[in-house]
Amino acid sequence: SEISSRELLKEYYIEVENVKKLKNIADIEISKLNSLIGSTDNIIFLIDKERKLSAFNKSFEKSFEKTFKKTPYIGMPNSEYFDGNSSLFNENIKKAFLGDKFTTEIETKIENNTIHLEVTFNPVFFNKEIIGVSLFVIDITTKKLEKKELEKAKELAEKATLEKSI
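Below: a short report on this structure. (Residues numbered from 1 in each chain as written. Predicted model: local features only at pLDDT ≥ 70, side-chain atom pairs only at ≥ 80, totals over all residues. Heavy atoms only, no water.)

### Quick word on the packing of aromatic side chains
Each aromatic ring pair is characterised by the separation of its centres together with the angle its planes make. Tallied over the full model, the rule gives five aromatic pairs. With 4.7 Å between their ring centres and 35° between their planes, F45 and F60 make a pair best called tilted. Here F60 lies in helix α2 (residues 58-68) and F45 lies in strand β1 (residues 43-48), a separation of 15 residues in the sequence. Classification of F45 by relative accessible area gives buried; the value is 8%. Where F102 meets F121, the ring centres are 5.0 Å apart and the plane angle is 15°; that geometry is what we call stacked. Linking F102 in strand β3 (residues 102-110) with F121 in strand β4 (residues 113-126), this pair joins segments that are 19 residues apart in sequence. No difference in accessibility class separates F102 from F121, as the two residues are buried. Here the aromatic cluster, defined as three or more aromatic residues joined through ring pairs, consists of F45, F56, F60, F64 and F68. Here the basic side chain of K95 rests over the ring of F102, its NZ or CZ set 4.2 Å away from the ring centre. (Phe/Tyr/Trp six-rings, centres within 6.5 Å; stacked < 30°, edge-to-face > 60°. Helix = DSSP H or I, 4+ residues; strand = E, 2+ residues; numbered from the N terminus. Buried < 20%, exposed > 50% of the residue type's maximum accessible area, 1.4 Å probe, protein only. Lys NZ or Arg CZ within 6 Å of the ring centre and 35° of its normal.)

This is the structure in structure tokens:
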């Protein structure tokens, strides 16, 4: 049986409407994800297989501009966005590109200040293939300094208690 051009047009219209609905659902989900990522003060960025920046949040952008005095951009090679502990960074990236998800602490110097970072490396999969690595970075410098101060205070208190008992 031959399909009339009117029926073909109707089927085409239904297909187009379904695609529009699916695109709208995808746009809503992207908007939700962007809102979640943008709402944190923690640094989030993604690098692709060529080690180029492929996505980042506002916190990354602000931190990057403050640290490196330049604006990050999509496609920026890692030679432009990472110059600190590059061997450690590259080893961790290699590990993540092998499929490992892990968190590690990294110590680096920025403008003669030691910064302690907790970095979560997470492979990004698409169709069972790793297409990138996302990094979630928390500055734990204050926490580390507070811990050291607490340990010093504890040692002093123990020393004072010991001297008192003698």
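Picking up after the structure, the text goes on.
### Some words on the pattern of salt bridges
Scanning the entire structure with this criterion turns up seven salt bridges. When the shortest N-O distance is used, the salt bridge between K32 and E29 registers 3.2 Å. Of the two residues, K32 and E29 both sit in helix α1 (residues 5-38), three residues apart, roughly one turn of that helix. (Salt bridge = Lys/Arg side-chain N within 4 Å of Asp/Glu carboxyl O.)

### A closer look at the nonpolar core
One finds F45, I47, Y81, I93, F121, V133 and L135 to be the most contacted residues of the largest nonpolar core, which totals 22 residues. Broken down by secondary-structure element, the contributors of at least two residues to this core are β1, α2, α4 (86-97), β3, β4 and β5 (129-139). Excluding residues within four positions of it along the chain, V133 makes contact with F45, L46, I47, I93, A96, F97, F121, N122, P123 and V124. (Core = buried A, V, L, I, M, F, W, Y, C linked by side-chain atoms within 4.5 Å. Contact = heavy atoms within 4.5 Å.)

### Examining the environment of I47
Along the polypeptide, I47 turns up in strand β1. Dropping the residues within four chain positions of it, I47 is found in contact with K52, L53, S54, Y81, I93, F97, I131, G132, V133 and L135.

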